[in-house]
Amino acid sequence: MQHQDRSQPHVSQNSDAQDIVTLLAPRLAYFAGVARTEHVTRAAEQLRIPQSTLSRALVRLERDLGVDLFARRGRTVSLTPAGRTFLTSVERALGEVERAAESVRADADPASGKVAFGFLHTMGSETVPGLIRAFRADHPRIRFSLVQNYGEAMLERLRAGELDLCLTSPVPDAPDLVARRLDEQRLRLVVPDDHRLASRKRVRLAETAEEAFVTLEPGYGLRRITDDLCREAGFKPRIAFEGEEAETLRGLVAAGLGVALLPPPAVPRPGVVELTVTGQRAVREIGVAWLDGHPDTPPVAAFKQFLLSRKGKLLPQMGSDPEADVSPSGA
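Residues numbered from 1 in each chain as written. Predicted model: local features only at pLDDT ≥ 70, side-chain atom pairs only at ≥ 80, totals over all residues. Heavy atoms only, no water.

Draft legend 1. How the structure looks around the sheet that holds strand β4 (residues 143-148). If you trace the five strands from one edge of the open sheet to the other, you get β4-β3-β5-β13-β6, paired in mixed fashion. Of all strands in the sheet, those bounded by a partner on one side alone are β4 and β6 (177-186). Direction aside, neighbouring strands of the sheet carry axes that sit 20° apart on average. Each of β3 (114-119), β4 and β5 (165-168) touches helix α5 (residues 127-136); the most contacted strand, β4, lies at about 165° to it. (Pairing = 2+ DSSP bridges. Helix = DSSP H or I, 4+ residues; strand = E, 2+ residues; numbered from the N terminus. Axes fitted to C-alpha atoms, helices over the stretch in contact; angles between N-to-C directions. Contact = heavy atoms within 4.5 Å.)

So this is what it looks like as structure tokens:
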């Protein structure tokens, strides 16, 4: 194996790290194979490449590094001190690549792969566990990485590639996302059990214009819906407390610190009364979203189709309500 002229261009010490990786990465396995066998012909046979290809790759590697990695005696080679130092890091890097490849192949396995799934906090106690239980009846080995957060934060993680799918509200309308409406959830006006409206079954939101509200923080979908519904009812809500969890808000209501517009609880909360809102559609739409053009692994595709098949029956508490949104208020 003959050396090429060292005066040819190579990666300098000032080169960008990305340039170095781009140049060196395809040759690292070749280098490690020759280093292990200390023989170019045997390494070429094990790597299943022509000997000439291997020899040229090693020469280019040394030229790009500007360092002799091998001492050569015909087709037999031995590592130089620089080569031994380089081999230690190369074997560690190749091991990491191998583990990464095994991990992504495992995650994409149709029978036992992984789905990164995000959903709203209010869907974590009942809806999502029920969905996953039903899905795994036919896909018992598929794994889930679950993320609970508010809508905008989940969409950011979706765009960053950290989530495959998310259940969110409102249903997003963005050019880089695909979203499908799956269901809607009726919101209730939650008041303390000793409140002036607590004896009622139904209420118009306009009747609460002077009340203090407890709400989720700005950026949460339910906060936006609350603001919009109050505006439709002719007033801007007077916010007394802001939080991050619907059940925390129920606790604040039970303590007499305000009223709230919330979805139904998984378990009834003592100390509060939940009233049907009439005169306007007090609902939030729930949808599933994913990144447009993003290829699905088989487990993600299977779970996506399962979610889409649940349209209109996603939420266990949904159903007909005899006290429709537009019915008159009454005692």
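Draft legend 2. Expanded view of the packing of α5 against helix α9 (residues 298-309). Direction vectors running N to C along α5 and α9 enclose 115°, while the axes themselves pass 11 Å from each other. Both α5 and α9 take part in a crossing whose hand is right-handed. On α9, the residues touching L131, A134 and F135 of α5 are P299, A302, F303, F306 and L307. Here the contact of α5 with α9 is built from residues that sort into eight nonpolar, no polar and no charged. (Left-handed = near helix turned anticlockwise from the far one by under 90°. Nonpolar A, V, L, I, M, F, W, Y, C, P; charged D, E, K, R; others polar.)

Draft legend 3. Fine view of the nonpolar core. With 34 residues, the main nonpolar core has F117, M123, L165, L167, F303, L307 and L314 as its most contacted residues. Here this core gets five residues from one element, more than from any other, and that element is strand β13 (residues 283-291). In this structure, L307 is in contact with F117, L131, L165, L182 and V288, ignoring residues within four places of it in sequence. Counting residues in each nonpolar core, the second largest holds 28 residues, with F213, A246, L261 and V277 among its members. (Core = buried A, V, L, I, M, F, W, Y, C linked by side-chain atoms within 4.5 Å. Buried < 20%, exposed > 50% of the residue type's maximum accessible area, 1.4 Å probe, protein only.)

Draft legend 4. Layout of the pattern of salt bridges. Scanning the entire structure with this criterion turns up 20 salt bridges. A salt bridge links E62 to R72, with the nearest nitrogen and oxygen atoms 2.6 Å apart. Of this pair, E62 sits in helix α3 (residues 51-65) while R72 sits in strand β1 (residues 70-73), and the two are ten residues apart along the sequence. On the accessibility criterion, E62 (1% relative accessible area) is buried. Across the pair E274 and R250 runs a salt bridge, and its minimum N-O distance is 2.8 Å. Of this pair, E274 sits in strand β12 (residues 272-278) while R250 sits in helix α8 (residues 246-254), placing them 24 residues apart in sequence. Given the relative accessible area of 27%, E274 is considered partly exposed. (Salt bridge = Lys/Arg side-chain N within 4 Å of Asp/Glu carboxyl O.)

Draft legend 5. Representation of the environment of K114 in the model. With respect to the helices and strands, the residue K114 is situated in strand β3. The exposure class of K114 is partly exposed, given its relative accessible area of 32%. Each C-alpha atom, one on K114 and one on S145, is 7.1 Å from the other, the two residues being 31 residues apart in sequence. Excluding its chain neighbours within four sequence positions, the residues that come into contact with K114 are D107, R143, F144, S145, D164, T297, P299 and V300.

Draft legend 6. Structural view of the environment of V283. By secondary structure assignment, the location of V283 is in strand β13. Distance from V283 to E184, taken between C-alpha atoms, is 6.3 Å for residues 99 residues apart in sequence.

Draft legend 7. Focus on the side chain of T215. The residue T215 is located in strand β9 (residues 212-216) in this model. A polar atom in the side chain of T215 sits 3.2 Å from the side chain of R223. Those residues within four positions of T215 in sequence are excluded, and the remaining contacts are R223, T226, I239, F241, E242, G243 and L249. (Polar contact = N/O pair within 3.5 Å; in protein donor to acceptor, adjacent residues only side chain to side chain.)

Draft legend 8. Summary view of the packing of helix α2 (residues 40-47) against α3. Direction vectors running N to C along α2 and α3 enclose 110°, while the axes themselves pass 9 Å from each other. When the axes of α2 and α3 are compared, the pair comes out roughly perpendicular. Crossing of α2 over α3 shows right-handed handedness. Each of V40, T41, A43, A44 and L47 in α2 lies in contact with α3, whose residues at this interface are Q51, L54 and S55. Grouping the constituent residues of the contact of α2 with α3 by class yields five nonpolar, three polar and no charged. (Parallel < 35°, antiparallel > 145°, perpendicular 65-115°, else oblique.)

Draft legend 9. Quick peek at the sheet that holds strand β7 (residues 188-192). If you walk across this open sheet you meet the four strands as β8-β12-β7-β11, and the pairing is mixed. The open sheet terminates on both sides in strands that have one partner only, identified here as β8 (202-204) and β11 (260-262). Neighbour-to-neighbour, the strand axes of this sheet turn through a mean angle of 45°, independent of strand direction. Inspection of the sheet shows β7 paired to β12 by five bridges, in the antiparallel sense. Following the sheet pairing, L189 is matched in β12 by L275.

Draft legend 10. Quick peek at α8. Every buried residue belonging to α8 is among A246, L249, R250, G251 and V253, and all of these are buried. The elements touched by buried residues of α8 are β7, β9, β10 (238-243), β11 and β12. Following α8 by one or two positions, G256 has its phi on the positive side, about 80°.

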